[in-house]
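This is what each chain is made of:
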Amino acid sequence: VYEMKKGESLKELLLYAGGLNATAARQKMTLQRVFEDGRVDYLDLPTPQEFLSGKAKVELKDGDKILVEKSSEASAHYYTVFGPVKYPGTYEADGMTSVKQLIAKAGGLREDAFLGRVHVVRLHSDGSSELFSYAVEKTAPDSITLKPKDNVILYSLKEMRLPDSVEIAGAVFNPGRYEFRKGMTVKDLIMEAGGFLPKHEEGRALVFRGDAHERKVEQIEISLEPGLEKGKGNAELSPHDMVHIPVDPRWYLKEVVALEGLFQHPGKYALLHPGEKLAAVIQRAGGFKEGAYVEGARFFRFKDTIGRVGVEVAQAVRRTGSRSNISLMGGDSIYVPDRGNTVKVMGEVGFATSVLYKDGASTQYYIERAGGFTRRSEKDRVVLQYANGETSSKGVFSRKPDAGSVIYIPQGPEPKPVDWIAGINAVLATAGMTLALILSIQAISRK
């Protein structure tokens, strides 16, 4: 928005606005004006160039708006070349009529250019396109004459080639698939995969070599000298080979378990050998402290995201030959709480709460002290979870709740309301029919 002084015209307004952009159209301008009756209307004006040269003039009024149109003329005097030339891009069409000339303008072909075929794509005004295809040879005459806006597409031998690969698995840092290169050996591939893991079996590798036509795979055992230095037995690979570096069967990396809670010496303990038993590790921790609630011990196995497991730790310690004395794995955790004195009741009861533990009390005892069942309680689906994580359902409780147990009563569907009026009417109807039948029998008897 500009303030105009008296006597200034559209020429000065265009100059105040910085002049015309390079994309300004060489056609009329449009004047938007508010007339005395409040009507907004549009007037055509000559081109902006005529006003700037002084050939055209117009008297401006307060509130006028001038629209300078942007040119919609599309560029049409160019060629575009794609692919393996030194300088791909768009070039002015002047002086060039052939693909060879355009390639020369783009710096010539790269070494990876495929000479067997070039595509010329020609776009037509109706949106359709046409494809011309022929070989690119330095001595061959040009097949077609280029037209402005043609796209010339060349292809690279690199992009047309699917590289062969080899694969490595087992005890290396970065197992996976790698590009095959002529002359590559087993150790070369191991180097590309980051080298051996410490647990690898020295002096040995397996190569699996397939025959796609015969549909069979051959296993080749390779003897390798220790280390990655170049040495004997370092066999060359073929495309699509798979190399497996075995793990040393004697390799054992210490596995750690956690003992938490009321142990004499809680903490982390390394297993002395694979599969060390639960009771043995607890013995090494000095057993339990006074007040430990061993029956409520909780066992967790985090390998493979298993989580809490119902293991009877007390039985495992008392009877080392029992199935509860399981073999431990790295990441296992055992927690021994102090003796709890409550049983928690949850779900569809009058008042979900924790009830003081009573030795030998039944599940029903705790439910009643939590307000009893509600009308939506699923009485046949009560679940009891013991302190050690084991669960039982109503009717198959293996034992009574222990301290720290949780009793859960699930919710059932809303009971259907009883239609008392319909019930009473049905009883009265039945009684009436019975009375009528009795009277009929008496009448027949008198006859």
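These lines cover the structure that appears in this document, whether it is placed above or below.

Calculation notes
- Residues numbered from 1 in each chain as written.
- Predicted model: local features only at pLDDT ≥ 70, side-chain atom pairs only at ≥ 80, totals over all residues.
- Heavy atoms only, no water.
- Pairing = 2+ DSSP bridges.
- Helix = DSSP H or I, 4+ residues; strand = E, 2+ residues; numbered from the N terminus.
- Axes fitted to C-alpha atoms, helices over the stretch in contact; angles between N-to-C directions.
- Salt bridge = Lys/Arg side-chain N within 4 Å of Asp/Glu carboxyl O.
- Buried < 20%, exposed > 50% of the residue type's maximum accessible area, 1.4 Å probe, protein only.
- Phe/Tyr/Trp six-rings, centres within 6.5 Å; stacked < 30°, edge-to-face > 60°.
- Lys NZ or Arg CZ within 6 Å of the ring centre and 35° of its normal.

**As for the sheet that holds strand S12 (residues 216-223)**
Part 1 of the reasoning: Read across the open sheet, the 5 strands follow the order S10-S9-S13-S11-S12; overall the sheet is mixed. The open sheet has two edge strands, strand S10 (176-179) and S12, and neither has a second partner. When strand polarity is set aside, the average angle formed by the axes of neighbouring strands in this sheet is 25 degrees.
Part 2 of the reasoning: Relative to S10, strand S9 (residues 165-170) runs antiparallel, the two being bridged by 4 bridges.

**What to know about the pattern of salt bridges**
Part 1 of the reasoning: Counted according to the given criterion, the structure contains 18 salt bridges.
Part 2 of the reasoning: For the salt bridge of Arg250 with Asp248, the shortest nitrogen-to-oxygen distance reads 3.2 Å.
Part 3 of the reasoning: Across the salt bridge formed by Arg381 and Glu378, the nearest N and O atoms sit 4.0 Å from each other.
Part 4 of the reasoning: Residue classification places Glu378 among the partly exposed positions, given a relative accessible area of 22%.

**Describing the sheet that holds strand S6 (residues 118-123)**
Paired through backbone hydrogen bonds, the strands of a sheet run either parallel or antiparallel to each other.
Part 1 of the reasoning: Strand order in the open sheet formed by 5 strands is S5-S4-S8-S6-S7, with mixed pairing between adjacent strands. The open sheet has two edge strands with one neighbour each: strand S5 (89-92) and strand S7 (129-134). Neighbour to neighbour, the strand axes of the sheet diverge by 20 degrees on average, direction disregarded.
Part 2 of the reasoning: By the bridge criterion, 3 bridges tie strand S4 (residues 78-82) to strand S8 (residues 151-153) in an arrangement that is parallel. Its bridge partner being in S8, Thr80 is matched across the sheet by Asn151.

**Considerations on the packing of aromatic side chains**
Part 1 of the reasoning: Tallied over the entire structure, the rule returns 4 aromatic pairs.
Part 2 of the reasoning: When the ring of Phe300 is compared with that of Phe302, the centres are 6.2 Å apart and the planes differ by 10 degrees; the resulting orientation is stacked.
Part 3 of the reasoning: By relative accessible area, which is 23% here, Phe300 ends up partly exposed.
Part 4 of the reasoning: Taking the relative accessible area as the measure of exposure, Phe302 reaches 51% and is therefore exposed.
Part 5 of the reasoning: For the cation-ring pair, Arg39 lies above Phe35, with the distance from its terminal atom to the ring centre recorded as 4.3 Å.
Part 6 of the reasoning: Here Arg399 stacks its cationic end above the ring of Tyr386, 3.9 Å away from the centre of that ring.

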